[in-house]
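Secondary and tertiary structure notes
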Amino acid sequence: SMQEWEGSIHLITSELDLAWLAGDKIPGHYGIENGSSSFELWSDWKAGQMTRLQGRFSANQISFISPDHAAPKLSVDWASGNFCWHNEKHGWRIDLANMKISSNGSVWPTNTLSFALRKAQESAPYTLFLGADAFNIEHLVTAMKFRTIDSRVLDHLFVTSPQGHASDILLGISMERPLE
């Protein structure tokens, strides 16, 4: 039975077509229009569930597309780094390290980035956490537009077009339902 399955997987890819792999399968209102990625990953499985996924990646010329024609165009010239995803009690977390990202010809100052989706307890609403060592605020606002979260605070943030740099960021957004 699947509940008894456990093991480890090691996978290496080269120039994988991201539109084919994950075009419309990512959460949010964007899909991947084009781009390629090479990666090496290791994953651990227990009781039929993935418990850890880690590795390194590089990606080139990624364009995101939205059915909402008013949505901003999002793209990444190139990106690379290491990642580690794991289950947590009532959620999950992904950490990105040694990152290098360029978007619209501008290199991001971010070296480490973490995302977590978790609940304080099983019956509590989800909270999405974003943490980063350093961020260009314009890039942060653009990245947050990737997923529309119903929030008056975010609506005001998008309209104000803030600029500048921030460091040691931890942002938590409480949600009534998980990302879909």
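Notes on the structure follow. (Residues numbered from 1 in each chain as written. Predicted model: local features only at pLDDT ≥ 70, side-chain atom pairs only at ≥ 80, totals over all residues. Heavy atoms only, no water.)

**Considerations on the pattern of salt bridges**
A side chain with one charge can pair with a side chain of the opposite charge if their charged atoms come near. If you walk through the whole model with that rule in mind, you get five salt bridges. The closest approach of N and O atoms between Arg 93 and Asp 95, which form a salt bridge, is 2.7 Å. Arg 93 gets classed as partly exposed once you look at its relative accessible area, which sits at 28%. With a closest N to O distance of 4.0 Å, Lys 119 and Glu 122 form a salt bridge. (Salt bridge = Lys/Arg side-chain N within 4 Å of Asp/Glu carboxyl O. Buried < 20%, exposed > 50% of the residue type's maximum accessible area, 1.4 Å probe, protein only.)

**Some details on the pairing of strand 2 (residues 31-46)**
As judged from the nine bridges shared by strand 1 (residues 7-17) and strand 2, these two strands associate in the antiparallel manner. Note that in strand 2 the partner of Asp 17 across the bridge is Ser 36. Taken together, the 14 bridges between strand 2 and strand 3 (residues 49-65) define a ladder with antiparallel strand orientation. Bridge pairing in strand 3 places Lys 46 opposite Gln 49. (Pairing = 2+ DSSP bridges. Helix = DSSP H or I, 4+ residues; strand = E, 2+ residues; numbered from the N terminus.)

**Some thoughts on the nonpolar core**
By size, the foremost hydrophobic cluster in this structure holds 24 residues, and its most contacted members are Ile 32, Ile 62, Phe 64, Val 76, Ile 101, Leu 113 and Phe 135. The set of elements that each furnish at least two residues to this core consists of helix 1 (18-22), strand 2, strand 3, strand 4 (74-88), strand 5 (91-103) and strand 8 (126-136). With four residues, the single largest contributor to this core is strand 4. (Core = buried A, V, L, I, M, F, W, Y, C linked by side-chain atoms within 4.5 Å.)

**Some remarks on the side chain of Ser 37**
Turning to its location among the elements, Ser 37 is positioned in strand 2. Here the side chain of Ser 37 touches Ser 58 through a polar contact of 2.9 Å, landing on its backbone oxygen. (Polar contact = N/O pair within 3.5 Å; in protein donor to acceptor, adjacent residues only side chain to side chain.)

**Considering the environment of Thr 51**
Relative to the helices and strands, Thr 51 resides in strand 3. Each C-alpha atom of the pair Thr 51 and Glu 88 lies 8.9 Å from the other, and the pair is 37 residues apart in sequence. Among all residues touching Thr 51, those that are not within four sequence positions of it are Asp 44, Trp 45, Lys 46, Trp 85, His 86 and Asn 87. (Contact = heavy atoms within 4.5 Å.)

**Here's the deal with the environment of Trp 5**
Looking at the element boundaries, Trp 5 is found in the segment before strand 1. For Trp 5, a relative accessible area of 37% translates into the label partly exposed. On a C-alpha basis, the gap between Trp 5 and Ala 47 in space is 5.4 Å, while along the polypeptide they are 42 residues apart. Apart from the residues within four sequence positions on either side, Trp 5 is in contact with Trp 45, Lys 46, Ala 47 and Gly 48.

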